Amino acid sequence: QARCTKRWPAERMPFGESTPFILIARCHVKQDCLAAYLEAAEVADKAVKESEPGMLHHTFDQDPTDPLAFTWSEVYKDDASLLFHLTNPPLVKFVEQHGEMGDDFSVEIYGTIAPATKEACNALPFPVKYFDTKFGYSRVA
């Protein structure tokens, strides 16, 4: 019988508030709002590109089986970049528009972020799930 009591050393986890991470935001649109929603999403995307240098990757991807389901795929330089994104006026406006035109929204964060950043995310009006990094590397940055 194997003994599994060895603890993973914390020094092997160099990820935290100053390292890149991935955010996946899954959203679903109301049937009669699709065209307006796509327009609002495109406006938000362009504004993020122009105003957020810490957003390294930002795409709006359509689900292959549900024409009303979409995923924002985002890569952030660091926690400060996400915190700026959450308060950036074009994003705040888009979140408000989603409230009118969408019927589901959830976020998953892949990578270790600081407790204070998680606290800011937990205040959002939709669920956020965290996947902390155990090991690996990133060439993004």
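Residues numbered from 1 in each chain as written. Predicted model: local features only at pLDDT ≥ 70, side-chain atom pairs only at ≥ 80, totals over all residues. Heavy atoms only, no water.

1. Quick notes on the packing of helix H2 (residues 79-87) against helix H3 (residues 89-101)
Definition in use: Axis geometry follows a simple rule: fit a line to the C-alpha atoms, using only the stretch in contact for helices, then measure angles between N-to-C directions, giving values from 0 to 180 degrees. Helix and strand assignments come from DSSP, with helices taken as H or I runs of at least 4 residues and strands as E runs of at least 2, each series counted from the N terminus. With respect to orientation, any angle under 35 degrees is reported as roughly parallel, any angle over 145 as roughly antiparallel, any angle of 65 to 115 as roughly perpendicular, and every other angle as oblique. It only takes one pair of heavy atoms within 4.5 Å for two residues to be counted as in contact. Amino acids are sorted into nonpolar (Ala, Val, Leu, Ile, Met, Phe, Trp, Tyr, Cys and Pro), charged (Asp, Glu, Lys and Arg) and polar (every other residue, Gly among them).
Remark: H2 packs on H3, axes separated minimally by 5 Å, with the N-to-C direction vectors making an angle of 60°. Accordingly, the angle class assigned to the pair H2 and H3 is oblique. Taking contact as the criterion, the partners of His85, Leu86 and Thr87 in H2 are, on H3, Pro89, Leu91 and Val92. Split into classes, the residues belonging to the contact of H2 with H3 amount to 4 nonpolar, 2 polar and no charged.

2. What about the nonpolar core?
Quick note on the threshold: The set of buried Ala, Val, Leu, Ile, Met, Phe, Trp, Tyr and Cys residues whose side-chain atoms join them within 4.5 Å is what this entry labels a nonpolar core. Burial classification: accessible surface area is computed with a 1.4 Å probe over protein chains only, and a residue below 20% of its type maximum counts as buried, one above 50% as exposed, and the rest as partly exposed.
With 26 residues, the main nonpolar core has Leu23, Leu82, Phe94, Val107 and Ile109 as its most contacted residues. Going through the elements one at a time, strand E1 (21-29), helix H1 (34-51), strand E3 (69-76), H2, H3 and strand E4 (102-110) are the ones with two or more residues in this core. Apart from residues no more than four positions distant in its own chain, Ile109 is found in contact with Phe21, Ile22, Leu23, Leu82, Cys121, Val128, Lys129, Tyr130 and Phe131.

3. Overview of the side chain of His85
The condition is simple: Polar contact criterion, stated in full: a pair of N or O atoms within 3.5 Å, where within protein one must be able to donate a hydrogen and the other to accept it, and residues adjacent in sequence count only if both atoms are side-chain atoms.
Inspection of the secondary structure puts His85 in helix H2. By relative accessible area, His85 is classed as buried at 3%. A polar atom in the side chain of His85 sits 3.3 Å from the side chain of Tyr76. Not counting chain neighbours up to four residues away, the residues in contact with His85 comprise Val48, Glu52, Met55, His58, Glu74, Tyr76 and Leu91.

4. Some details on the packing of H2 against helix H4 (residues 115-122)
Packed helices, taken two at a time, are described by the angle their axes make and the gap between the axes. For the record, the criterion: Here a crossing is called left-handed whenever its near helix is offset anticlockwise from the far helix by less than a right angle, and right-handed whenever the offset is clockwise.
Interhelical geometry of H2 versus H4 gives an angle of 20° and a closest axis separation of 10 Å. Judged on the interaxial angle alone, H4 and H2 are roughly parallel. Here H2 and H4 pass one another in a crossing that is left-handed. Of the residues in H4, those in contact with Asp79, Leu82, Leu83 and Leu86 of H2 are Thr117, Ala120 and Cys121.

5. Considerations on the pairing of strand E5 (residues 128-131)
Inclusion rule: A pair of strands is treated as paired once DSSP finds two or more bridges between them. Look down the strands so they point away from you; if the path from the first strand over the helix to the second goes clockwise, the crossover is right-handed.
Bridging between E4 and E5 involves 4 bridges; their strand directions are parallel. Within the sheet, the bridge partner assigned to Val107 lies in E5 and is Val128. Between the parallel pair E4 and E5, the chain is carried across by H4, and the sense of this crossover is right-handed.

6. Observations regarding the environment of Pro90
Tracing the sequence through the fold places Pro90 in helix H3. On the basis of relative accessibility, which here comes to 25%, the residue Pro90 falls in the partly exposed class. It is 21 Å that separates the C-alpha atoms of Pro90 and Ala69, two residues lying 21 residues apart in sequence. Ignoring anything within four residues of it in the chain, the contact list for Pro90 reads Ala44 and Ala47.

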